[in-house]
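One letter stands for each residue in the lines below.
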Amino acid sequence: MGTLYQEHLDPSIHDLKVTLQDSTLIFPSQETEKKSIFLSNIDQVLNFNVQTIHFFPANPDFAQEVVTSRLKTALEKVLVPYDFMAGRLKMNPQSGRLEVECNAAGAGFVVASTQFSLDEIGDLVYPNPAFRELIVQSMDNLEADNQPLCIFQVTSFKCGGFAMGISTNHVLFDGISFKIFLENLASQSFDDKPLVVIPFHDRQLLAARSPPLVTFPHPELLKLELPIGEDSIPPVFDCKQEDLDFKIFKINSDNISYLKEKAKKDGPNENTKITSFNVVTGLIWRCKALSSCNNSQRLSTVLYAVDIRSRLKPPLPFSYCGNAVLSAYASSICSKIEDEPFSKIVDMVSEGAARMTDEYARSAIDWGEIYKGFPNGEFLISSWWKLGFSEVEYPWGKPRYSCPVVYHRKDIILLFPDINNGSNNNNGNGVNVLVALPAKEMEKFQSLFHNFLASN
């Protein structure tokens with residue numbers, strides 16, 4: 001019934017031998033208004049950089065120099081409607097909150113090359129640590145408080161292909177708004193094309209109520225005695241990277257169909273949504289909880305992001321530019337996770353998302369106004385599966401693959417799409433699950449994963 005899991009060897013290339021050829025700041029192509037942008041309580045706790053890489057094969061109609069020039073011009077154009085990307089992060093001393101100062105200070109643009117071809121660097125799904133060379137995370141000639149919120153790096157391969165590496169501060173975008181940004185960037189790479197979507201910038205729509213009103217318990221959130229906006233990561237785990245094994249588990253479309261049928265057969269709640277994400281999350285939660293469970297009465301909590309745009313009343317515009325996701329959760333003791341039918345696990349995952357109503361979301365935002373905390377759970381499932389970055393059409397074609405730069409952490413399990421090679425099979429509907437665990441836990445996770453999918 002297909003490959004149950006993939007175990008990759010370390011990539012053969014650990015150094016891409018990238019040479020930086022040019023590093024500069026670029027600015028909006030037109031004058032923009034100087035202003036400060038309010039950041040919601042969701043934005044405030046996301047003051048860290050996210051790096052994504054977009055790999056493109058060679059296109060004989062577009063030389064690498066032409067691609068670089070077009071991307072630079074396109075970025076200058078989109079920095080007009082996305083003026084905050086050329087701004088700087090600052091602390092408002094009166095409110096004690098982070099804001100984006102739209103001052104046209106510029107975004108970073110780096111041109112680089114490598115002596116390797118795209119095919120030589122190996123499986124693009126495997127998160128090779130060497131891929132970090134494809135993204136500059138800071139501009140060396142600028143002070144820490146003047147660093148760009150967005151840096152682009154275009155790296156040419158000897159085959160004619162290239163990688164577009166983008167580092168953005170997470171306060172700027174969530175996955176959905178970043179996908180819209182990519183579509184707009186691509187549109188401006190063409191001659192005389194308008195923006196695909198006009199970004200909506202009013203983040204006050206996600207401001208806390210006055211006074212804030214917390215109407216639900218929020219076990220998915222952890223109170224921290226930190227100033228809001230401070231660049232800190234919650235100390236949920238202290239497991240060192242070198243203590244972790246890393247594996248990629250492949251779930252193909254047949255596996256997903258099997259999981260859906262199993263969830264239906266076991267008698268789910270009538271309101272349960274048996275989606276691909278819910279059944280995959282249910283499987284991962286079961287394997288993760290039981291792989292580290294020495295106490296059958298231990299409470300296990302899985303967190304996963306829910307887009308709240310359509311859940312609010314009135315709904316946010318789809319083009320809302322900012323972070324409009326909150327952490328949903330499912331919790332249960334390990335003995336129930338082990339003994340209950342799979343449908344009950346999927347029930348709990350589905351219920352976690354259904355819990356995210358307008359009032360619950362507003363309560364969570366108001367909770368952040370009072371307590372200034374972080375999401376809190378055993379682990380987070382971070383899904384890049386359905387974001388569709390590889391579906392964005394540029395003049396030189398779509399990316400062969402798009403992915404974030406991965407830093408192995410026990411408390412984060414990543415879902416990546418598979419590479420779609422243009423075939424007509426359903427493999428493009430599968431998902432790759434990236435897991436980092438201590439060796440003994442990984443051995444048990446792998447056994448649980450394999451046995452569950454092999455039980456049909």
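Read on for an overview of the structure. (Residues numbered from 1 in each chain as written. Predicted model: local features only at pLDDT ≥ 70, side-chain atom pairs only at ≥ 80, totals over all residues. Heavy atoms only, no water.)

Along the chain, Lys313 turns up in the loop between β11 (299-307) and β12 (325-333). Separated by 199 residues in sequence, Lys313 and Thr114 have C-alpha atoms that sit 50 Å apart. (Helix = DSSP H or I, 4+ residues; strand = E, 2+ residues; numbered from the N terminus.)

Here we come to the pairing of strand β6 (residues 107-114). Taken across its eight residues, β6 has eight buried, putting it largely inside the fold. Neither face of β6 is exposed, since Ala107, Phe109, Val111 and Ser113 on one face and Gly108, Val110, Ala112 and Thr114 on the opposite face are all buried. Both strand β1 (residues 18-26) and β6 contribute to a ladder of eight bridges, which runs antiparallel. Of the residues in β6, the one forming a bridge with Leu25 is Gly108. Pairing of β6 with strand β7 (residues 150-156) involves six bridges; the strand directions are parallel. By the bridge assignment for β7, Phe109 is matched with Phe152. (Buried < 20%, exposed > 50% of the residue type's maximum accessible area, 1.4 Å probe, protein only. Pairing = 2+ DSSP bridges.)

Orientation of helix α4 (residues 253-265) relative to helix α5 (residues 276-291), taken along the N-to-C sense of each, is 85°, at an axis distance of 9 Å. Between α4 and α5, the interaxial angle falls into the category roughly perpendicular. Across the interface between the two elements, Ile256, Leu259, Lys260 and Ala263 of α4 pack against Ser276, Val279, Val280 and Leu283 of α5. Broken down by class, the residue content of the contact of α4 with α5 amounts to six nonpolar, one polar and one charged. (Axes fitted to C-alpha atoms, helices over the stretch in contact; angles between N-to-C directions. Parallel < 35°, antiparallel > 145°, perpendicular 65-115°, else oblique. Contact = heavy atoms within 4.5 Å. Nonpolar A, V, L, I, M, F, W, Y, C, P; charged D, E, K, R; others polar.)

An α-helical turn contains 3.6 residues, so a residue and the one three or four places further along point in the same direction. Helix length check: α4, at 13 residues, gives a terminal C-alpha distance of 18 Å against a target of 18 Å (1.5 Å per residue), a fit within 8%. Every buried residue of α4 is listed here: Ser253, Asn255, Ile256, Tyr258, Leu259, Lys262 and Ala263. Buried positions along α4 lie against β10 (244-251), α5, α7 (342-354) and α9 (439-453). Where α4 terminates, the next one or two residues include Gly267, which has phi positive at roughly 80°. (Expected span 1.5 Å × (residues − 1).)

It is worth spelling out the sheet that holds strand β4 (residues 88-92) at this point. Taken in spatial order, the three strands of this open sheet run β2-β5-β4, and their pairing is antiparallel. Where the open sheet ends on each side, the last strands, each with one partner, are β2 (35-38) and β4. Here the strands of the sheet are splayed against their neighbours by 40° on average, with no regard to which way each runs. Here five bridges tie β4 to strand β5 (residues 97-102), and the two strands are oriented antiparallel to one another.

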